[in-house]
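Close look at the chain arrangement
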Amino acid sequence: MAIHPFKIKPVVKNYLWGTLGKQSLVARLAGEGDPNQHYAELWVGGHPQASSIATLSSGNTALDELIKAHGQELLGERVNTRFPGELPFLFKILSIQEPLSIQAHPDLTLAEELHSRDSKNYPDKNHKPEIAIALSEFKLLYGFRPLSELVQLTQEHPELNSLLNDSKAILDEEGAFVEALYSSLALAESEKLAVITRAIAARLTNSVSELSEQEKLFINLNSKFGDTDIGVVTSLLMNFVTLQPFESIYTAPNILHAYVSGEIVECMATSDNVVRGGLTPKFKDVSTLVAMLDYQASLPNLVQAKQVPNQINCLRYAAPVTEFCLEMLSGPSQITFQRSQEFAIYFCLNGRVRISSKAFSIIELVAGESCLVPATYSPCLVEVIEGTIFRVVVP
């Protein structure tokens, strides 16, 4: 029996960095709102650790198991050949009240190695390139600052020079300078790290000048995580980025980053591999992080949304990946997606949308609802009556 388009029940993740109660977009979309609970993430996907639920006429079943059993029918021959029986992407909504860990994601080769070595802390063999779209003002730390800014930072805070003195790297090259600075910081003894952190904190606290937003973040992180968390000083070495609603950024493997605050849409290759280096009580793997990072100055890799040709109110956020392509549809509009044998997942952020084709009756979504339209039911008509909906396909 053919599997008709079906709704998907997302999975809610409660982490301490998430926003409390109904202030959280995640909570509101999930129809929850315990005032004492932190609502951090909403997952729509088939990751085996937290698979969404497919709501079929025959009953509910885990989405990952359904796709494993019916990959050809659901994903279509093209996608199922490349990713046999697996949904290759994971769609999320994040509500960020407190900074996340300083982290990076491994490339495919390293992901396989880490999983083989330590499957408990690295549960996937897959890499995790990801794109984030701001839904509110979104602040994050991303990559290392340009060489000129880091040199100036060592002049403003001479304590950092002690890290460079410990290194034999060639310091007239950007990558070597950044690697020497960060690796020496990350691997420093706790006592030395505390001396550096306290000195910088004292100088900033006693400054007669108005502190920058990044310096204020350093003070807050120091207050929360103490003098010996390497993430506190690391926050000064990174680019401080602010995105406005519907601006987007792509994070490639091996790029150091940390989300600070805001609400976002996120889409990534299906993986939960995170190499952490600070600002968290979770497992940290500093030596791996130091070895894997891209130490070139990493200016924010902003993704420019582009209008989809011949489609009204449809923007495409295309990342340089093979696992997913994210589109945003706004109402009122009617859009026909003509490509045959193309499955898609839809998520309604707000408003109301109807999806239909000659092969199936209308499926309607409201805020917080999502659905999967199997490849066998394309092409299809998407009518956004009002609001905003996201569509994810495999390019």
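What comes next is a walk through the structure. Since we're looking at a predicted model, the values are computed, not measured. (Residues numbered from 1 in each chain as written. Predicted model: local features only at pLDDT ≥ 70, side-chain atom pairs only at ≥ 80, totals over all residues. Heavy atoms only, no water.)

Bringing helix H10 (residues 230-237) into the picture now. Along H10, eight of the eight residues are buried, which leaves the element largely enclosed by surrounding structure. Taken as a whole, H10 has its buried residues at Ile230, Gly231, Val232, Val233, Thr234, Ser235, Leu236 and Leu237. A distance of 2.8 Å separates the backbone nitrogen of glycine 231 from a side-chain oxygen at the start of H10, and that oxygen is part of aspartate 229. (Buried < 20%, exposed > 50% of the residue type's maximum accessible area, 1.4 Å probe, protein only. Helix = DSSP H or I, 4+ residues; strand = E, 2+ residues; numbered from the N terminus. Polar contact = N/O pair within 3.5 Å; in protein donor to acceptor, adjacent residues only side chain to side chain.)

Turning our eyes to something else, we now look at the pattern of salt bridges. Within this structure, the stated rule accounts for 18 salt bridges. Overlapping salt bridges bring together Arg316, Glu327, Arg339, Glu342 and Arg391 as one network. (Salt bridge = Lys/Arg side-chain N within 4 Å of Asp/Glu carboxyl O.)

Below, the discussion takes up the packing of aromatic side chains. Scanning all chains against the criterion turns up nine aromatic pairs. Taking the centre distance of 6.4 Å and the plane angle of 45° together, the rings of tyrosine 182 and tyrosine 295 count as tilted. Placement of tyrosine 182 in helix H7 (residues 174-186) and of tyrosine 295 in the loop between helix H11 (286-292) and strand E16 (302-303) is noted, with a sequence separation of 113 residues between them. Judged by its relative accessible area of 0%, tyrosine 182 is buried. Site record: aromatic cluster; members linked through ring pairs are Phe91, Phe347 and Phe390. Above the plane of the ring of tryptophan 43 lies lysine 13, whose end atom (NZ or CZ) is 4.7 Å from the centre. Over the ring of tyrosine 15 we find lysine 282, and its NZ or CZ is 4.5 Å from the ring centre. (Phe/Tyr/Trp six-rings, centres within 6.5 Å; stacked < 30°, edge-to-face > 60°. Lys NZ or Arg CZ within 6 Å of the ring centre and 35° of its normal.)

Take helix H2 (residues 63-75) next. Its 13 residues give H2 an end-to-end C-alpha distance of only 12 Å, which falls more than 12% under 18 Å, the value for a rise of 1.5 Å per residue. Taking the largest bend as the criterion, H2 deviates by roughly 85°, centred on alanine 69. Considered for burial, the residues of H2 that qualify are Leu63, Asp64, Leu66, Ile67, Gly71, Leu74 and Leu75. Buried residues belonging to H2 abut strand E1 (6-9), strand E5 (41-45), strand E6 (53-56), strand E7 (59-62), helix H3 (77-82) and strand E23 (370-373). The positive-phi residue at the C-terminal boundary of H2 is glycine 76, with phi of around 90°. (Expected span 1.5 Å × (residues − 1). Bend = angle between axes of the 7 residues up to and from the residue. Contact = heavy atoms within 4.5 Å.)

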